[in-house]
Amino acid sequence: MSSLQAFLNENIIDNITEEVLVSNRFKDKKGSLLKFKIRAITDSEMSDIQKICMRTGKKGKVDFDVSKFNRLIAIKGTVDPKFEEADSIKSVGCVTPEDYIKKVMLPGEIATLADQIQTLSGYTDLEELKEQAKN
């Protein structure tokens with residue numbers, strides 16, 4: 001068995017989590033920055049989200065809703081806070097997790113959170129990896 005095969009067998013991708021900072025806006029009562037706990041998105045979750053965000057328009061043109069994609073990635077990939085918690089959704093007058101995240105976060109914060117979840121899920125800059133391999 002190759003070293004790479006052994007690594008893969010020993011490092012199953014279940015429960016990959018990380019705590020990340022998203023914005024200077026999220027602070028506790030003492031002024032300390034609050035971190036979001038995120039998890040890696042699975043391949044099937046990513047496929048489902050991509051399908052939801054694609055619309056076929058006139059003449060077969062496919063449109064991709066990037067804002068919706070970011071919201072869904074943030075909702076699915078965030079462990080804490082729980083964007084799908086019914087009590088929180090209702091408490092701010094919303095019906096869906098998507099409505100909730102739009103009400104409690106700025107668009108740039110959602111994009112930053114989604115980007116960090118995608119990075120944790122293995123979506124990285126290939127050029128950066130090539131540079132690391134050279135050194």
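All chains use their own residue numbering, which begins from 1 and follows the written sequence. Predicted model: local features are reported for residues with pLDDT of at least 70 only, side-chain atom pairs are reported and counted for 80 or more only, and whole-chain, interface and lining totals are derived from all residues. Side-chain descriptors were evaluated using all non-hydrogen atoms of the structure, hydrogens and water having been removed beforehand.

1. Looking at a nonpolar patch on the surface
Next, step 1: Within the patch definition used here, like charges are joined within 9 Å and nonpolar side chains (Val, Leu, Ile, Met, Phe, Trp, Tyr) within 5 Å, considering only residues with over 30% relative accessible area and no salt bridge. All accessibility values rest on the Shrake-Rupley procedure with a 1.4 Å probe; residue burial counts only the protein chains present in the view. One side-chain nitrogen of Lys or Arg within 4 Å of one carboxyl oxygen of Asp or Glu is enough to make a salt bridge. A grouping of Met54, Val62, Phe64 and Val66 is seen on the molecular surface, where their side chains present a nonpolar patch of about 350 Å² in accessible area.
Next, step 2: Secondary structure elements are defined from DSSP: runs of H or I of at least 4 residues count as helices, runs of E of at least 2 residues count as strands, and each element is numbered from the N terminus. By the secondary structure assignment, Val62 is in strand S4 (residues 62-64).

2. Details of the layout of surface pockets
Next, step 1: Buriedness of a pocket was judged along seven lines, with at least five required to meet protein on both sides within 12 Å; pockets are open sets of points on a 1 Å grid over the protein atoms alone, cavities are sets where a 1.4 Å probe fits but cannot get out, and lining residues have an atom within 4 Å of a point. Grid points are joined across faces, edges and corners, and a volume is the space filled by probe spheres set on the points. Each pocket or cavity is described by its volume, and for the largest pocket that value is around 180 Å³.
Next, step 2: Forming the boundary of the largest pocket are Phe26, Leu34, Lys35, Phe36, Asp80, Pro81, Phe83, Tyr100, Val104 and Met105.
Next, step 3: For the lining of the largest pocket, the per-class residue count stands at eight nonpolar, no polar and two charged.
Next, step 4: Here the second largest pocket defines a volume of roughly 160 Å³.
Next, step 5: Around the second largest pocket, the lining residues are Ile13, Asp14, Asn15, Ile16, Thr17, Arg39, Ala40, Ile41, Thr42, Leu120, Ser121 and Gly122.
Next, step 6: Broken down by class, the residue content of the lining of the second largest pocket amounts to five nonpolar, five polar and two charged. Here the term charged refers only to Asp, Glu, Lys and Arg, the term nonpolar to Ala, Val, Leu, Ile, Met, Phe, Trp, Tyr, Cys and Pro, and the term polar to all other amino acids, Gly among them.

3. Here we look at the pairing of strand S2 (residues 36-39)
Next, step 1: On S2, burial follows the alternation: Phe36 and Ile38 on one face are buried, whereas Lys37 and Arg39 on the facing-out side are not.
Next, step 2: Two strands qualify as a pair provided DSSP detects at least 2 bridges between them. Here strand S1 (residues 17-20) pairs with S2 via four bridges, running antiparallel. By the bridge assignment for S2, Glu19 is matched with Lys37.
Next, step 3: Two elements, S2 and strand S5 (residues 78-80), share two bridges in a ladder whose sense is antiparallel. In the strand pairing of S5, Ile38 is matched with Thr78. Categorising residues by exposure relies on relative accessible area from a 1.4 Å probe, with only protein chains included: less than 20% of the type maximum marks a residue as buried, more than 50% marks it as exposed, and the intermediate range marks it as partly exposed.

4. Quick look at the packing of helix H3 (residues 66-77) against helix H6 (residues 107-120)
Next, step 1: At their nearest, the axes of H3 and H6 sit 8 Å apart, and the two run at 60 degrees to each other. Classified by the interaxial angle, the pair formed by H3 and H6 is oblique. For the crossing formed where H3 meets H6, the hand is left-handed. Residues Phe69, Asn70, Arg71, Ile73, Ala74 and Gly77 of H3 touch H6, and the partners they reach there are Ile110, Ala111, Leu113, Ala114, Ile117 and Gln118.
Next, step 2: Looking at the contact of H3 with H6, its residues break down into eight nonpolar, three polar and one charged. The axes used here are C-alpha line fits, helices contributing only the stretch in contact, and every angle between their N-to-C directions lies in the interval 0 to 180 degrees. Should an angle fall under 35 degrees it is called roughly parallel, over 145 degrees roughly antiparallel, and 65 to 115 degrees roughly perpendicular, with every other angle called oblique. Note on convention: the crossing is left-handed when the near helix lies turned anticlockwise from the far helix by less than a right angle, right-handed when the turn is clockwise. A contact between two residues is defined here by any heavy atoms of the two lying within 4.5 Å.

5. A few points about the sheet that holds S2
Next, step 1: Pairing within the open sheet is antiparallel, and its three strands lie in the order S1-S2-S5. The strands lining the two open edges of the sheet, one partner per strand, are S1 and S5. Direction aside, the axes of adjacent strands within the sheet are offset by 35 degrees on average.
Next, step 2: In the packing of H6 onto the sheet, the strands contacted are S1, S2 and S5, and the crossing angle to S2 comes to about 40 degrees.

6. Some words on the confidence of the model for the protein chain
Next, step 1: pLDDT is a per-residue confidence score from the predictor, ranging from 0 to 100. Model confidence for the protein chain is summarised by a mean pLDDT of 91, while 92% of its residues fall at 70 or above.
Next, step 2: Predicted confidence in the protein chain is weakest over helix H7 (residues 126-134), with a mean pLDDT of 60, and strongest over S2, with 98.

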